[in-house]
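The chain contents come next:
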Amino acid sequence: MSLIKKRGRELFLMAIILLIGVIVSLRAPAFFSVINITSILYGNAIIGIMAIGMMIVITTANIDVSVGAQFAVCNMICAAFVKATDGRYAAAAVLISMVIGMALGMFNGLLIAKLNIPAIVVTLGTMNIMRGGIYYLTNGNWIDGLSGPFTRLASSRVLLNVPMAVYIWLLVAVITYVVLYRTNMGRNILAIGGNLVAATRVGISKLRVYLFAFGYLGALVGLGGAVSAAKLKIAQPSNGIGYEMDLIAAAIIGGTQFSGGVASILGTVLGVLLLGVIDNGLVLAKVPVYWQDLATGAIIIIAVTTSALREFAPARKKTRKEAVK
């Protein structure tokens, strides 16, 4: 019972994913094949990596809608470096992409913390600056023909014949768990998101927490941009459009509270998989593509609603008890 109470959201998501799979398999038996399951994991690894970073930002009671533009910038810069070096320096390409993403994220965090401007306003502004800047610098041109060892970063298959990108996603989840629940910074992130005023009164620096949270998201966006370049062997300045909604949806579906203070790494992973299973299932079932957006939108609304009900339930219960007294 304690497990169900503690991990009820995650168990519910697992059940929903399995139920959708069973329903889809009735029409498309190939759904539960090893090839298709591996394809779902591989196809959603990049979003999964970045969604964990978005979870951290939402846990601080903020949001970042510039991630799609950040992704495009990191993706293009990484691809330009790989093209210039014939893909010989894979580690350097990934590091460059992550550092660029971290810098862009920390810039957002700095503005939000110092100017006390809502995160959505700041990141809407930086989104347009980044997107416009990368279009200007590239003249809208693609970078293609990537080659060399770098291109094996995402698709090389290791244990259980699973692509490397999936293991990178898993590694990010494990590292984030350690950061969030085993370090002072992680505890500060949860405290700031739970009650900003109380946290700052006991000496927790809002600036440091915001810089870390947005920088961490930026680094994972950079990692996602590098993995994408390796996977597709191409980069374009229009990449990443609409990614912010997928990342926010995955985190909220997984149980991360929009008001901050509560996070779920496993839930976020399952949120990504739920969206991926829906998209994959609709394709296999030959359902028109626009139903994918409709289904995603409906799931977001349901997730936010249940999150709000869960958040306000204790307050309503407390109010009732006080009224009885």
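Since the structure is predicted, the reported quantities are computational estimates derived from the model, not experimental observations.

What counts, and at which threshold
Residues numbered from 1 in each chain as written. Predicted model: local features only at pLDDT ≥ 70, side-chain atom pairs only at ≥ 80, totals over all residues. Heavy atoms only, no water. Helix = DSSP H or I, 4+ residues; strand = E, 2+ residues; numbered from the N terminus. Rg over C-alpha atoms; globule rule 2.2 N^0.38 Å. Buried < 20%, exposed > 50% of the residue type's maximum accessible area, 1.4 Å probe, protein only. Areas by Shrake-Rupley, 256 points an atom, 1.4 Å probe, with all protein chains shown as cover. Polar contact = N/O pair within 3.5 Å; in protein donor to acceptor, adjacent residues only side chain to side chain. Contact = heavy atoms within 4.5 Å. Axes fitted to C-alpha atoms, helices over the stretch in contact; angles between N-to-C directions. Parallel < 35°, antiparallel > 145°, perpendicular 65-115°, else oblique. Left-handed = near helix turned anticlockwise from the far one by under 90°. Nonpolar A, V, L, I, M, F, W, Y, C, P; charged D, E, K, R; others polar. Phe/Tyr/Trp six-rings, centres within 6.5 Å; stacked < 30°, edge-to-face > 60°. Lys NZ or Arg CZ within 6 Å of the ring centre and 35° of its normal.

### Thoughts on the overall build of the chain
Working step 1: Looking only at helices and strands, the chain has 14 helices and two strands in total.
Working step 2: Computed over the C-alpha atoms, the radius of gyration of the chain is 20 Å, within 12% of the 20 Å expected from 2.2 N^0.38 for a compact globule of 325 residues.
Working step 3: For the chain, the spread of C-alpha atoms along the principal axes amounts to about 75 × 55 × 35 Å.
Working step 4: In the chain, which comprises 325 residues, the proportion classed as buried is 47%.
Working step 5: Of the roughly 15,900 Å² of accessible surface on the chain, 70% is carried by carbon and sulfur atoms.

### Things to note about the side chain of Thr151
Working step 1: Among the structural elements, Thr151 can be located in the loop between β1 (143–144) and α7 (152–155).
Working step 2: Side-chain polar atoms of Thr151 contact the backbone oxygen of Gly148, separated by 2.7 Å.
Working step 3: Excluding anything up to four places from it in sequence, Thr151 contacts Leu146, Ala230 and Lys233.

### Let's talk about the environment of Gly254
Working step 1: With respect to the helices and strands, the residue Gly254 is situated in the loop between α12 (243–253) and α13 (265–284).
Working step 2: In this structure the C-alpha to C-alpha distance between Gly254 and Met55, which are 199 residues apart in sequence, comes to 9.2 Å.
Working step 3: Contact partners of Gly254, with chain neighbours within four places excluded, come to Arg9, Leu13, Ser264, Gly267 and Thr268.

### Points about the packing of helix α2 (residues 8–27) against α13
Working step 1: One can describe the packing of α2 onto α13 by two numbers: an axis separation of 10 Å at closest approach and a directional angle of 15°. As judged from the angle between their axes, α2 and α13 are roughly parallel. Crossing geometry of α2 relative to α13 is assigned as left-handed. Residue-level contacts link Glu10, Leu13, Met14, Ile16, Ile17, Ile20 and Val24 of α2 to Leu266, Gly267, Leu270, Gly271, Leu273, Leu274, Val277, Ile278 and Gly281 of α13.
Working step 2: Classifying every residue of the contact of α2 with α13 gives 12 nonpolar, three polar and one charged.

### Some details on the environment of Val82
Working step 1: The topology assignment puts Val82 in helix α4 (residues 67–85).
Working step 2: By relative accessible area, Val82 is classed as buried at 2%.
Working step 3: Expressed as a C-alpha distance, the spacing of Val82 and Ala229, which sit 147 residues apart in the sequence, is 9.0 Å.
Working step 4: Sequence-distant contacts of Val82, defined by excluding residues within four places in its chain, comprise Gly87, Ala93, Leu146, Ser147 and Phe150.

### Points about the packing of aromatic side chains
Given two aromatic rings, their pairing is described by the distance between the two centres and the angle made by the two planes.
Working step 1: For the structure shown, the criterion picks out five aromatic pairs.
Working step 2: Considering the side-chain rings of Tyr177 and Tyr181, the 5.3 Å spacing of their centres and the 50° angle between planes classify their relative orientation as tilted. On the criterion of helical spacing, the pair formed by Tyr177 and Tyr181 is a turn pair, its members being four residues apart in helix α8 (residues 164–182).
Working step 3: Ring geometry for Phe212 against Tyr216: centres 5.6 Å apart, planes inclined by 20°, an arrangement best described as stacked. Of the two residues, Phe212 and Tyr216 both sit in helix α11 (residues 206–232), four residues apart, roughly one turn of that helix.
Working step 4: The ring of Tyr42 has Lys231 lying over it, and the distance from NZ or CZ to the ring centre is 4.5 Å.

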